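Report on the structure
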Amino acid sequence: DQQVKQNSPSLSVQEGRISILNCDYTNSMFDYFLWYKKYPAEGPTFLISISSIKDKNEDGRFTVFLNKSAKHLSLHIVPSQPGDSAVYFCAASALSGGGADGLTFGKGTHLIIQP
Amino acid sequence: DTAVSQTPKYLVTQMGNDKSIKCEQNLGHDTMYWYKQDSKKFLKIMFSYNNKELIINETVPNRFSPKSPDKAHLNLHINSLELGDSAVYFCASSRGLPAYNEQFFGPGTRLTVL
């Protein structure tokens, strides 16, 4: 049972445009969400996070939006750059449970930035 | 300097063998993890250690045994390897529990069981 779903295995965006990566979750206990970026043959690296007390968090070109009622979050990258081409993983955790269950990851979305 | 390192990077072995994967972090973190990324690309947590004590042990076969000699190391030993163990294994570390702090991942170890 996938508790964190990334329904788009891949996404192609033109350089300079906005990239929007989506993530849905089913576990209502999740209240902390993270995005990780992964290049081939490397481990995932942390990008940005958001807790459920917020609906938006921004860091430079990266913005994460959280819609709790829809159990949906999205990562916006603007403007998209060639170096953004990577696999992006959405992850979730339950702060209220002390986080002892670890992170639950989605399957990832492969973002391809076209020149 | 590599923050989280794993050895070996690639491991090819026969069914039934016993193998170990080593992980070291030089970030001064007190929590370390092992994740498995299977052929369907799901990244699933297997174990978590905080200050050398096991705090997460997901449903994995007991052929998998993590060992943490100190806070900077978390090794993964696998007995009687099976075909289904073929995957990429990632080690990670964080300061404190996973929900509060970002996790830093190693480069992964690709295990192939023949």
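Residues numbered from 1 in each chain as written. Chains lettered and ligands numbered in written order. Predicted model: local features only at pLDDT ≥ 70, side-chain atom pairs only at ≥ 80, totals over all residues. Heavy atoms only, no water.

All names here are of chain A. Pairing within the open sheet is antiparallel, and its five strands lie in the order β1-β3-β8-β7-β6. A strand with exactly one partner marks an edge of an open sheet, and here the two such strands are β1 (4-5) and β6 (56-59). Pairing of β6 with strand β7 (residues 62-67) involves four bridges; the strand directions are antiparallel. Looking across to β7, one finds that D59 is bridged to F62. (Pairing = 2+ DSSP bridges. Helix = DSSP H or I, 4+ residues; strand = E, 2+ residues; numbered from the N terminus.)

This paragraph deals with empty space enclosed by the protein. Residues and elements named next belong to chain B. Enumeration according to the criterion identifies one cavity of 30 Å³ or more in this entry. Volume-wise, the largest cavity comes out at about 30 Å³. Lining the largest cavity are D30, T31, M32, Y49, N51, K52, S68, D70, K71, H73 and L74. Broken down by class, the residue content of the lining of the largest cavity amounts to three nonpolar, four polar and four charged. (1 Å grid on protein atoms, 1.4 Å probe; cavity = no way out; pocket = protein on both sides within 12 Å on 5 of 7 lines; lining within 4 Å. Points joined across faces, edges and corners; volume = space filled by probe spheres on them. Nonpolar A, V, L, I, M, F, W, Y, C, P; charged D, E, K, R; others polar.)

Residue and element names in this part refer to chain A. All told, the structure shown has two disulfides over all chains when counted by the stated rule. The disulfide partner of C23 is C90, and the gap between their sulfur atoms is 2.0 Å. One disulfide, between C23 and C90, carries an S-S torsion of -75° and so falls in the left-handed class. One end of the pair, C23, is in strand β3 (residues 19-25); the other, C90, is in strand β9 (residues 86-93), with 67 residues separating them in the sequence. Relative accessible area serves as the criterion here: at 0%, C90 is assigned to the buried category. (Disulfide = S-S within 2.5 Å. Buried < 20%, exposed > 50% of the residue type's maximum accessible area, 1.4 Å probe, protein only.)

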